[in-house]
Amino acid sequence: MNPVHGTKNILSIAGSDPSGGAGIQADLKSIAAAGGYGMAVISALTAQNTHGVNAVHVPPAGFLTEQLRAIGTDIRIDGIKIGMLANAQVINELTDWLAEFRGAATQAGTPVPAVVLDPVMVATSGDTLLDEAAGAALRRLFAHADVITPNIPELAVLAGAAEAADWDSAIDQARELAARYEVLVLAKGGHLDSARCRDGIIDASGVLFEVESARHSTANTHGTGCSLSSALATFYARSGDWGAALRSSKTWLDTAIARSGELEVGSGHGPINHLARLWDGAAIDVAGDALQAWWERISPIRTAIDELGFIRTLQDGSLDAADFEDYLGQDAIYLRGYARAMSRAAALAPDTESQRFWAAAASSCLEEELALHRGRLAGPLPEPSPSTTAYLNHLLAGTDSYPVLAAAVLPCFWIYQDVGTRLAAANHRAHPYADWLSTYADPGFEEATAAAIALVNGVHAAADARTRQAMWCAFEASALHELAFFAQTAAEGPRQATNTAAADFAPEGDAVPAR
Ligand SMILES: Nc1ncnc2c1ncn2[C@@H]1O[C@H](COP(=O)(O)OP(=O)(O)OP(=O)(O)O)[C@@H](O)[C@H]1O
Ligand SMILES: Cc1ncc(COP(=O)(O)O)c(N)n1
């Protein structure tokens, strides 16, 4: 599902920039960033990088129409962005197709996609991207556009005037153009030397909507015009409101320019960071690194576990025997439920290997660990504590999703094994809990933990963004439950206060999961 409402299909008709900063490549990224589904009809190929355009190849103009027809006869088009068109032949082919396509939609009573036309003439590098003889053809195309988005030099060429030196002159020229071609004009202040970068949508009567941002001191402005026009076409298709579309586009562009320094692309005019916001999310961690990133993210929880009185006194041997027994009782109850959760994972596993892994883990959990606890526990099992109950509820709730369940059971492996490494290292012959600590040094458990991490990694790599997010939430919540579980013994103070340590880590505004 589209993040906001029904998916919008946006067609970019533009030139290719193999460096990925401008043209069709920038358009597709911008459309995606603005929440649309991007399609690309290529009008021309350029050989360019961040320093300039070395060559331009224009495929036969008729092939443009082939591409347009292939899309137009099959796919609903909700918005169109037009960029570099190279020469008059290409423009004429496009004009004919657009007239026919929009005419047919009007006749059929289906929505007519809005057209945002960026009249690309000269690249940032100063290279020409449109034949000078193509001017007349371009002006005919304006009749089929809703908005044209010239920069300051293009505005001057189209208005037949000197380049505007300030924003008011740019608005005047834009108004003149809007009246002459009966089109909205998005005037852009990027080429002015003002401290703020203003853009405005202007009609014959004046400025309809205006936005502005700080001017970033960066050379990474390659493709800003392409990106802005594509975002505008997409946000308009989604909102049906040019003012809202301009505001959304400008806000997004401002971040993309501000964060262009995070990319390392070429040594000239670099690209903007189209997908900076998307990359902030957990959804796109590289498979293999994703779980490592999760592990890093729970490092405050892991540190808090290491610092618990229970762990420290178990390590130095000063842990009260009654507290240890309390812990063992809860652990035995927990392991029964944990084995149930892993059996459920085995039942849901999509392949035999994963099924065998979880089934074996559930079995060893019951047979070995439970037997171990039983041998040490004097009496019958105690009542489950609130922490134990809450942890098990978390594991066994929502167990319809295999990926989420697999992520939820992982911290018990991983944290137990990690804490166990330090506990085992503290062991010595005279340690009061020597035999217990020696169980942490089991290489079989280390192997099983590594296998569980690899398995969940694979599940994560194959999952969609929403599932990955749910997996992370389940993983983090389990880590918090681990903390609360270890924190529940009397070594931490009164038993009722078991949630205090975990409360420090609750996401702002959220209640700590009830334990
Ligand atoms: N240094 C900057 N800091 C912030 N915003 C900028 C900067 N330079 C350009 N912009 C913004 O980028 C968008 C494109 O503006 P510009 O006037 O540069 O168009 P353009 O020349 O068509 O772009 P291109 O660089 O793709 O040729 C506008 O929203 C403008 O305000
Ligand atoms: C294929 C193509 N289309 C458009 C531009 C303009 O972008 P910029 O002015 O930022 O160089 C470009 N350089 N290449």
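Since this is a predicted model, take the numbers as computed values, not measurements. (Residues numbered from 1 in each chain as written. Chains lettered and ligands numbered in written order. Predicted model: local features only at pLDDT ≥ 70, side-chain atom pairs only at ≥ 80, totals over all residues.)

Draft legend 1. Structural detail: the confidence of the model for the protein chain. For the protein chain, mean pLDDT is 89; residues scoring 70 or higher make up 91% of the total. Note that pLDDT drops below 50 for residues 491-503; the model gives that stretch 32 contacts with residues more than four away or on any other chain. Within the model, pLDDT remains below 50 along residues 505-515, and this stretch shows 23 contacts once partners closer than five positions in the same chain are excluded. The complex prediction reports pTM at 0.65, with the ipTM value standing at 0.98. (pLDDT = per-residue confidence, 0-100. Contact = placed C-beta atoms within 7 Å.)

Draft legend 2. Quick look at the site of ligand 2. Taken together, 17 residues surround ligand 2, and among them G15, A22, G23, A123 and T124 come closest. Secondary-structure elements contributing two or more residues to the shell around ligand 2 are β1 (9-16) and α7 (224-239). When residues in the shell around ligand 2 are grouped by element, the largest group, three residues, is from β1. Considering only residue class, the shell around ligand 2 consists of seven nonpolar, nine polar and one charged. (Near = placed C-beta within 6 Å. Helix = DSSP H or I, 4+ residues; strand = E, 2+ residues; numbered from the N terminus. Nonpolar A, V, L, I, M, F, W, Y, C, P; charged D, E, K, R; others polar.)

Draft legend 3. Structural view of the nonpolar core. Grouped together as the largest cluster of nonpolar side chains are 76 residues, with contacts concentrated most on A174, V185 and L232. Top element by residues in this core is α7. It accounts for eight residues. Once residues within four sequence positions are removed from consideration, L232 is found in contact with V116, V147, L186, A245, L246 and S249. One finds I298, L314, A406 and F475 within the second-largest nonpolar core, a separate group that totals 61 residues. (Core = buried A, V, L, I, M, F, W, Y, C linked by C-beta atoms within 7 Å. Buried ≥ 20, exposed ≤ 12 C-beta atoms within 10 Å, placed from the backbone.)

Draft legend 4. Spatial organisation of the site of ligand 1. Neighbouring residues of ligand 1: 22 residues in total, closest N151, K188, G190, C197 and G225. With four residues, α7 is the largest single contributor of residues to the shell around ligand 1. Its residues assigned to classes, the shell around ligand 1 comprises six nonpolar, 12 polar and four charged.

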